[in-house]
Amino acid sequence: MATRVRASSKRCAVIGGSGFLGRHLVERLLARGYCVAVFDIRQSYELPGVTFYQGDLCDKQALLPALKDVPLVFHCASPAPASDDRALFQRVNVQGTRIVIQACKESGVQKLVLTSSASVVYEGADIKDGTEDLPYARKPLDYYTETKIQQEKLVLDACDKDGGLLTVAIRPHGIFGPRDPQLVPILVATARRGKMKFIIGDGTNLVDFTFVENVVHGHILAAEHLRPESPLCGKPYHITNDEPIRFWDFMSKVLVGLGYAAPRYHLPYMLVYGLAMLLWLLALVLRPLMAFKPTFTPMRVALAGTHHYYSCERAKRDMGYKPPVGLTEAIARTVESYPHLRHGVA
Ligand SMILES: NC(=O)C1=CN([C@@H]2O[C@H](COP(=O)(O)OP(=O)(O)OC[C@H]3O[C@@H](n4cnc5c(N)ncnc54)[C@H](O)[C@@H]3O)[C@@H](O)[C@H]2O)C=CC1
Ligand SMILES: CC(C)=CCC[C@@H](C)[C@H]1CC[C@H]2C3=C(CC[C@]12C)[C@@]1(C)CCC(=O)C[C@@H]1CC3
């Protein structure tokens with residue numbers, strides 16, 4: 001009997017488990033002895049111990065089978081920020097998350113861990129050692145952030161300590177690591193087009209970049225510490241590497257590690273931000289006629305030219321969080337994992 005209880009409490013579902021973070025999370029959960037159900041709109045791999053359910057999280061009937069007999073759900077699905085598609089973000093991140101919550105309640109799921117984002121409080125002004133008490137951004141810089149705010153509120157408000165669904169939100173920042181489809185590939189593509197010669201602003205702004213394995217560790221700690229009497233219920237938690245670094249030093253380390261030149265020439269922040277706003281408006285106007293996606297969006301320029309680093313004291317205090325992988329090792333492992341993106345490799 002004891003064995004059966006332990007076996008069932010080691011079951012979980014990962015919504016978005018085919019993605020970058022999702023797959024790292026699944027691999028760690030398997031290593032910790034969990035049986036994992038992955039629900040995703042696409043299947044990107046197969047692994048022993050994983051049952052795959054393919055479907056759209058906005059479709060409750062498709063989602064329910066993946067949550068059957070599962071006490072713990074991780075929700076880390078989202079459209080990519082680069083899509084900049086307001087209707088898609090609204091449908092998946094907001095309406096879809098309502099459906100995830102309903103499906104969890106109907107299936108008797110006990111715990112829901114959401115992957116939110118530290119950027120829910122970011123609106124382009126400097127944030128230095130920001131705590132979870134900062135207010136949500138009143139004027140988010142993009143549709144992605146706008147809907148991540150709504151999503152986080154929905155999940156945290158759904159927390160019911162009286163025998164119902166328990167919820168918690170993890171707010172990582174600037175996730176990077178092997179198989180990341182975003183940060184390193186966009187950086188390298190920009191460098192290959194000759195556009196990574198410039199530093200936006202004076203280059204001294206400090207930022208959090210978080211190794212994917214540390215983000216995974218934060219998620220699992222949160223799941224395992226979430227109980228009706230614990231302080232985690234209905235709360236957000238920053239999970240970072242706890243080693244803020246100059247944005248442009250981080251970019252240079254990755255670029256140089258892959259054989260590209262580090263950016264050298266400075267451009268005034270306000271000039272680049274203004275140009276990015278103009279390009280974004282132009283892309284919006286031209287959208288019915290042609291697909292045109294600027295590399296330097298207002299959000300990316302703001303992230304590149306301001307301070308945005310966050311305190312993870314709350315996670316240390318309430319769940320004993322300490323990042324297992326330091327930044328130097330994390331950057332080295334990331335660079336090594338992208339042989340195909342090295343300078344000179346087609
Ligand atoms: N990458 C980063 O720097 C950060 C990411 N986050 C959050 O972390 C989470 C994971 O992000 P990544 O792994 O980087 O993205 P990703 O794009 O690699 O993974 C997202 C997954 O969600 C799935 N998905 C999208 N729409 C779906 C739908 N309608 N139904 C079912 N599955 C769907 C995708 O197929 C994909 O596998 C997201 O919630 C994102 O907002 C938060 C902070 C920083
Ligand atoms: C200036 C330039 C073109 C740099 C290339 C790297 C950028 C693509 C990344 C630098 C900071 C990253 C980041 C995110 C996406 C990729 C970057 C802009 C997020 C917006 C991803 C989703 C989040 O929740 C917040 C992230 C903040 C940092």
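Quick notes on the rules
- Numbering of residues begins from 1 in every chain and follows the order in which that chain's sequence is written.
- Lettering of chains starts at A and numbering of ligands starts at 1, both following the order in which they are written.
- Residue-level local features of this predicted model are given only where pLDDT is at least 70; pairs of side-chain atoms are given and counted only at 80 or more, and the full residue set underlies all totals for whole chains, interfaces and linings.
- Only hydrogens and water are set aside when side-chain values are computed; all heavy atoms of the structure are taken into account.
- Each patch is built from salt-bridge-free residues with over 30% relative accessible area, joining like charges within 9 Å and nonpolar side chains (Val, Leu, Ile, Met, Phe, Trp, Tyr) within 5 Å.
- For the accessible areas, the method is Shrake-Rupley and the probe is 1.4 Å, while residue cover comes only from the protein chains on display.
- Whenever Lys or Arg places a side-chain nitrogen within 4 Å of a carboxyl oxygen from Asp or Glu, that contact is recorded as a salt bridge.
- Secondary structure elements are defined from DSSP: runs of H or I of at least 4 residues count as helices, runs of E of at least 2 residues count as strands, and each element is numbered from the N terminus.
- Known as pLDDT, the predictor's confidence for each residue is given on a scale from 0 to 100.
- Note on contacts: a residue pair qualifies if any of its non-hydrogen atoms lie within 4.5 Å across the two residues.
- Proximity criterion: a residue is near a molecule or strand once any of its heavy atoms comes within 4 Å of it.
- Any pair of nitrogen or oxygen atoms within 3.5 Å is treated as a polar contact; in protein, a donor-acceptor pairing is required on top of that, and neighbouring residues in sequence qualify only through side-chain atoms on both sides.
- If DSSP finds at least two bridges between two strands, the strands pair.
- Orientation is described by axes fitted as lines to C-alpha atoms, over the contacting stretch for helices, and by angles from 0 to 180 degrees between their N-to-C directions.
- Relative accessibility under 20% of the residue-type maximum defines a buried residue, over 50% an exposed one, and the middle range a partly exposed one, all with a 1.4 Å probe and only protein chains included.
- To pair, rings of Phe, Tyr and Trp, with the six-membered ring standing in for Trp, must have centres within 6.5 Å; the planes then decide the type, stacked if under 30 degrees apart, edge-to-face if over 60, and tilted in the middle.
- Whether a charge lies above a ring is judged from NZ of Lys or CZ of Arg, which has to be within 6 Å of the ring centre and within 35 degrees of the ring normal.
- Angle categories are assigned with fixed cut-offs, so that under 35 degrees is roughly parallel, over 145 is roughly antiparallel, 65 to 115 is roughly perpendicular, and the rest are oblique.
- In this count, Pro and Cys sit with the nonpolar residues alongside Ala, Val, Leu, Ile, Met, Phe, Trp and Tyr, while Asp, Glu, Lys and Arg are called charged and the others, Gly among them, polar.
- An expected span of 1.5 Å times one less than the residue number is assigned to each helix.

### Thoughts on a nonpolar patch on the surface
Taken together, the side chains of Leu271, Leu275 and Leu278 define a hydrophobic patch exposed on the protein surface, amounting to about 300 Å² of accessible area. As for its placement among the helices and strands, Leu275 is situated in helix α9 (residues 269–286).

### Some details on the confidence of the model for the protein
Fine structural detail should not be taken from predicted coordinates in areas where pLDDT scores are low. Summarising the model, the protein shows a mean pLDDT of 95, and 97% of its residues fall at 70 or more. Confidence drops under a pLDDT of 50 for residues 1–7, and excluding neighbours within four residues, the segment shows 0 contacts in the predicted structure. Taken together, the chains of this predicted complex give a pTM of 0.95 and an interface ipTM of 0.97.

### Re the site of ligand 2
Taken together, 14 residues are adjacent to ligand 2, and Ser117, Tyr144, Ile186, Phe296 and Arg300 come closest. Here an oxygen atom of ligand 2 and a side-chain polar atom of Ser117 are 2.7 Å apart. The contact in question runs from an oxygen atom of ligand 2 to an N or O atom on the side chain of Tyr144, over 2.8 Å. For ligand 2, whose free accessible area comes to 600 Å², the fraction covered by protein is 93%. Among the secondary structure elements, those contributing two or more residues to the shell around ligand 2 are α6 (183–192), α8 (247–257) and α10 (298–305).

### A closer look at the sheet that holds strand β4 (residues 72–75)
Spatially, β3-β2-β1-β4-β5-β7-β12 is the arrangement adopted by the 7 strands of the open sheet, whose pairing is parallel. Edge strands, defined here as strands with exactly one partner in the open sheet, are β3 (50–54) and β12 (236–239). Here the strands of the sheet are splayed against their neighbours by 20° on average, with no regard to which way each runs. Sheet topology places strand β1 (residues 11–15) next to β4; 4 bridges connect them, and they run parallel. Bridge pairing in β4 places Ile15 opposite His75.

### Brief notes about the side chain of Ser119
If you trace the backbone, Ser119 turns up in the loop between β5 (111–115) and β6 (127–130). Note on Ser119: relative accessible area 5%, which makes it buried.

### What about the packing of aromatic side chains?
Centre distance and the angle of the planes are the two values used to describe a pair of aromatic rings. Counted according to the given criterion, the structure contains 9 aromatic pairs. Each ring, one from Phe209 and one from Phe247, has its centre 5.8 Å from the other, and the planes form 45°; the classification is tilted. One end of the pair, Phe209, is in the loop between β10 (206–207) and β11 (210–211); the other, Phe247, is in helix α8, with 38 residues separating them in the sequence. Each member of the pair, Phe209 as well as Phe247, carries the same accessibility label: buried. Ring pairs connect the aromatic residues Phe176, Phe209, Phe211, Phe247, Trp248 and Phe250, which therefore count as one cluster. The ring of Tyr237 has Arg314 sitting right over it, with the charged end atom 5.7 Å from the ring centre.

### A word on the packing of α6 against α8
At a minimum axis distance of 11 Å, the contact between α6 and α8 shows a crossing angle of 75°. The angle between α6 and α8 places the two elements in the roughly perpendicular class. Between α6 and α8, the contacting residues are Leu183, Val184, Leu187 and Ala191 on the first element and Phe250, Met251, Val254 and Leu255 on the second. Class assignment of the residues belonging to the contact of α6 with α8 gives a composition of 8 nonpolar, no polar and no charged.

### A word on the environment of Ile199
Along the chain, Ile199 falls in strand β9 (residues 198–200). Leave out the neighbours within four places in its chain, and Ile199 touches Trp248, Pro263, Arg264, Tyr265, His266 and Leu267.

### Brief notes about the site of ligand 1
The immediate surroundings of ligand 1 are formed by 25 residues, with Phe20, Leu21, Asp40, Tyr144 and Lys148 found nearest. Taking Gly19, its main chain carries an N or O atom lying 3.1 Å from an oxygen atom of ligand 1. The separation between a nitrogen atom of ligand 1 and a polar main-chain atom of Leu57 is 3.0 Å. Burial of ligand 1 by the protein chains amounts to 89% of its free accessible area of 840 Å². At the level of elements, α2 (20–31) and α5 (143–157) are the ones that each hand at least two residues to the shell around ligand 1. Here the residues of the shell around ligand 1 sort into 11 nonpolar, 10 polar and 4 charged.

### Some details on the pattern of salt bridges
Considering all chains together, one arrives at 17 salt bridges under this definition. Of the charged contacts in the structure, one is a salt bridge between Arg333 and Glu213, with a shortest N-O distance of 2.4 Å. Of this pair, Arg333 sits in helix α12 (residues 327–336) while Glu213 sits in helix α7 (residues 212–225), and the two are 120 residues apart along the sequence. Judged by relative accessible area, which is 30%, Arg333 ranks as partly exposed. Take Glu213: its relative accessible area is 31%, and that puts it in the partly exposed class. Each of Arg23, Glu27 and Arg179 takes part in one network of salt bridges that share partners.

### Re α7
Over its 14 residues, α7 runs 20 Å from end to end, which matches the ideal 20 Å to within 8%, given 1.5 Å per residue. Taken across its 14 residues, α7 has 10 buried, putting it largely inside the fold.

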